[in-house]
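Structural description and commentary
The lines below spell out each chain.
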Amino acid sequence: MFLLKKYLSIAVFLFLLFSCQSETEEENNNSQGTITSVSPLTTYLQRVAMVKTVQDNMIDGSSYCTIKLPYTVTVNNEQIAVNTTADYQKVLDNINASNYDNDIVKIDFPVTMVYYNYIEKLIPNQADFDSLIDYWNLYPDLLSKINGLNISYPITINIYNSISQTASSQSIISDQAFFNFIKNLNESQYISLKYPIAITDYNNQIKSISNNLEFENAIKYAIDYCPENNLVPLDFATAITKGSWEIPYFYDGTVKTSNYSDYSFVFKADKSVVASKAGISETGQWESSVQNGITAVNISFSTGVLSKLNFNWKLFEFNNSQIRLRDAGATTNYLYFQKKN
């Protein structure tokens, strides 16, 4: 009965959202689907909307925060006013001007730091600044902002609350508003982006996005090709064969993450993978290959719920503590691994 009510609620949502549109528009929009606070696209969009933090890394040394403009720095005994983002180049030019100076960047305090999530903090002195950077350095594998993709605002988001069974829409006018909108979503809310949405990629090419999959593919392209997203090159085989992993998210038509609770996965260099739970282990196989610049990852188990992981996965993104796989066919499925503590 609960599932029936849920599906009826979603049907009502779609009807309310698109009943005022033409039949063609209704067909197009229904094909785009709704997403929730835990949908992969939602989390990727929030990372697109994060504060841009990499431009001043030569000054603050962190990709998780940035110094709020304006402020001044001293580099090689030259004071430089950083009033706009264009002034970062002045700092970089000074650093690159000679191979025989120390290139120490000294910040004139106090300054205000802006974190990737738009939280601001006043930093009064060098000691507090060093402590802050040391803190962020404890989280080298935190998934950071996705650079190289800029959304043209305003955009409209349709919202349905499955508890109150009410539909509404909201206009989003900035990255900060979009970030906070996603941050405040709850499990009872279903959202649908109103397309088309214009984006600008890192080559300053404007593109029109027509549906969720196109948006996700554009984000994938930015992750792979924008240089600001590839600050530390990693080898996939090296990363996956270190330590043990768990599954924080698995979507195969529906979310099926709970089927893999308490499983531990160890990927070995001999291409075997051992899945263990409650003292019982099963050995499967894994392999990866690069096809047309795309890393394919195959996982093979022979029995039970583990065999449900047997897709021709494509690597979406990874670091030393998180691996995100996708299978984009008639429907799009997802498998995430995260390093166990």
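In the block above lies the structure referred to throughout.
Predicted model, so just to flag it, every value in this text is computed and none were measured.

A few words on the packing of helix α3 (residues 40–48) against helix α8 (residues 212–225). One can describe the packing of α3 onto α8 by two numbers: an axis separation of 10 Å at closest approach and a directional angle of 50 degrees. In terms of axis orientation, α3 runs oblique to α8. Here α3 runs over α8; the crossing is left-handed. Across from Pro40, Leu41, Tyr44, Leu45 and Val48 in α3, the residues of α8 making contact are Asn212, Phe215, Glu216, Ile219 and Ile223. The class makeup of the residues in the contact of α3 with α8 is eight nonpolar, one polar and one charged.

For the coordinates displayed, the defined rule picks out zero disulfides. Of all cysteine sulfurs in the structure, the one in Cys226 sits closest to Cys65, which takes part in no disulfide; the separation is 19 Å. The exposure class assigned to Cys65 is buried, which follows from its relative accessible area of 0%. Among the residues examined, Cys226 registers a relative accessible area of 3% and is labelled buried.

This part is about the sheet that holds strand β12 (residues 206–209). Within a sheet, adjacent strands bond to each other through the backbone by hydrogen bonds, running parallel or antiparallel. Strand order in this open sheet of three strands is β7-β11-β12, and the pairing throughout is antiparallel. If you trace the sheet from one side to the other, it starts and ends with β7 (149–151) and β12, each paired once. Averaged over all neighbouring strand pairs, the angle between strand axes comes to 35 degrees, with direction disregarded. Taken together, the four bridges between strand β11 (residues 197–201) and β12 define a ladder with antiparallel strand orientation.

Take α3 next. Of all the nine residues making up α3, eight are buried; the element is thus mostly covered by neighbouring parts of the structure. Turning to α3, its buried residues number three or more, namely Pro40, Leu41, Thr42, Tyr44, Leu45, Gln46, Arg47 and Val48.

Pairing is antiparallel across the open sheet formed by three strands, whose spatial order is β3-β2-β4. Edge positions in the sheet fall to β3 (78–82) and β4 (105–107), since each has one partner strand and no second. This sheet shows a mean twist of 30 degrees between the axes of neighbouring strands, independent of strand direction. Relative to β3, strand β2 (residues 71–75) runs antiparallel, the two sharing five bridges. Note that in β3 the partner of Val75 across the bridge is Glu78. Helix-sheet contacts for helix α5 (residues 88–96) involve β2, β3 and β4, and the interaxial angle to β3 is about 155 degrees.

Parameters at a glance
- Residues numbered from 1 in each chain as written.
- Predicted model: local features only at pLDDT ≥ 70, side-chain atom pairs only at ≥ 80, totals over all residues.
- Heavy atoms only, no water.
- Axes fitted to C-alpha atoms, helices over the stretch in contact; angles between N-to-C directions.
- Helix = DSSP H or I, 4+ residues; strand = E, 2+ residues; numbered from the N terminus.
- Parallel < 35°, antiparallel > 145°, perpendicular 65-115°, else oblique.
- Left-handed = near helix turned anticlockwise from the far one by under 90°.
- Contact = heavy atoms within 4.5 Å.
- Nonpolar A, V, L, I, M, F, W, Y, C, P; charged D, E, K, R; others polar.
- Disulfide = S-S within 2.5 Å.
- Buried < 20%, exposed > 50% of the residue type's maximum accessible area, 1.4 Å probe, protein only.
- Pairing = 2+ DSSP bridges.

Just geometry here; none of it tells us what the structure is for.
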